[in-house]
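Structural overview for review
Spelled out from the first residue to the last, the chains are:
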Amino acid sequence: MARHILVTGGAGYIGSHACKVLAAAGYVPVTYDSLITGWRDAVKFGPFEQGDLSDRARLDAVFAKWQPVAVMHFAALSQVGEAMADPGLYWRHNVVSSLTLIEAACAAGCLDFVFSSTCATYGDHDGVLLNEDTPQTPLNAYGGSKLAIEAMLRDFAASRGLRSVIFRYFNVAGADPEAEVGEFHRPETHLVPLLLEAIDGRRPELTVFGSDYPTRDGTCVRDYVHVMDLAEAHVLGLKWLEAGKESRVFCLGTGTGFSVQEVIEAARGVTNRPVPVRQGPRRAGDAVALVSGSARAVAELGWKPSRSTMPEMITDAWRWMQNGHYGA
């Protein structure tokens, strides 16, 4: 009997890769997406249901039609600058919509829930290796909205028996090695695709914001995880719940991080092309180094982030940029 998984945001970057890994693991991913930021062309591994998370009647109909055994929740607005400028949008879109989703799942008796959270819930813990016990003090409505959803899941666990696995992570890079799906944002704001677009002549240059930070080369350090490693972690989280285990939080990271300059050098090495770079001033609010550990995920889930080297992430992202895209 088919095991359907409702994947919210399954037409987006991370969600589409999760759908591919779910399908390979024998599940049927049912993508639920509004296509506000997702792409219909990215839905390739299971059925598609277009809808908004705020539409309870639509959600109820989808739960009744597919009877999913679990929810994998990726759908969210995620731009920090936008969250700073319009916090109400983030509280409404991320938090209120997630509440509607959680209530619909509980009403349908779908009580296994894998949530894609963020290390932005921690706020600015500069130079500290973040783990599941690091205090959470978000600095903006994006991190705040994700933290609120985490709290919501705990409350519904106590009242309805909802069990959840929560993943917190920083930057995601790379693409499906077979280039069936990949990263395609409009507008693009992430370092790796911006860098590759500059190399490919699709934009004039990459701006590096600050080169005088107290790091090994003066540029900021951030954690990066390969999108396929991340997707596989989410499937391991699903299996954790299927095994009857209790709700759990896991951080996903390399434990070391990569500087902006190291990302640039990796891209130069992979593409064998010059990188047009402009030095810009520091951006307000940018931390020096934000890195997450993943000791718990490795020990308890058996997670192996084997692809999360910068050359491999760049190689897969470059292949996708040369061969893959979605329609407007």
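Further up the page is the structure itself.
Below or above, wherever it landed, is the structure these notes cover. (Residues numbered from 1 in each chain as written. Predicted model: local features only at pLDDT ≥ 70, side-chain atom pairs only at ≥ 80, totals over all residues. Heavy atoms only, no water.)

**Observations regarding the nonpolar core**
To be explicit about the condition: Joining through side-chain atoms within 4.5 Å is the link that ties buried Ala, Val, Leu, Ile, Met, Phe, Trp, Tyr and Cys residues into a set, and such a set is a nonpolar core. Summary of the burial criterion: residues with accessible area below 20% of their type's maximum are buried, those above 50% are exposed, and those between are partly exposed, where the area comes from a 1.4 Å probe applied to protein chains only. The secondary structure listing takes helices from DSSP runs of H or I that are at least 4 residues long and strands from runs of E that are at least 2 residues long, numbered from the N terminus. Two residues qualify as a contact provided that any one of their heavy atoms is within 4.5 Å of a heavy atom in the partner residue.
By size, the foremost hydrophobic cluster in this structure holds 41 residues, and its most contacted members are I5, I14, L22, M72, F167, L238 and L252. Elements that contribute at least two residues to this core include exactly β1 (4–8), α1 (13–24), β4 (70–73), β7 (163–169), α7 (227–242), β12 (248–252) and α9 (295–301). Looking at which element gives the most residues to this core, the answer is α7, with nine residues. When neighbours within four sequence positions are excluded, L238 is seen to be in contact with I5, L22, Y27, A70, M72 and V114.

**Remarks on the pairing of strand β2 (residues 28–33)**
On a regular strand, one side chain projects to one face of the sheet and the next to the other, so that they alternate. Condition: Any two strands between which DSSP finds at least two bridges are classified as paired. A right-handed crossover is one whose linking path, passing over the helix from the first strand to the second, runs clockwise when the strands point away from the viewer.
Of all six residues that make up β2, five are buried, and the element is covered over most of its length. By the bridge criterion, five bridges tie β1 to β2 in an arrangement that is parallel. Among the inter-strand pairings, L6 is bridged to a residue of β2, identified as V30. In this fold, β1 hands off to α1, which returns the chain to β2; that crossover is right-handed. Relative to strand β3 (residues 48–50), β2 is paired through three bridges, and the arrangement is parallel. Of the residues in β3, the one forming a bridge with Y32 is E49.

**What about the sheet that holds strand β13 (residues 258–259)?**
Here we have four strands laid out as an open sheet, ordered β6-β15-β10-β13, and mixed in their pairing. Across the chains shown, the open sheet's two edge strands, defined by having one partner strand only, are β6 (129–130) and β13. One ladder, built from two bridges, connects strand β10 (residues 221–222) with strand β15 (residues 289–292); its direction is parallel. Within β15, the position partnered with V221 by the bridge is A289.

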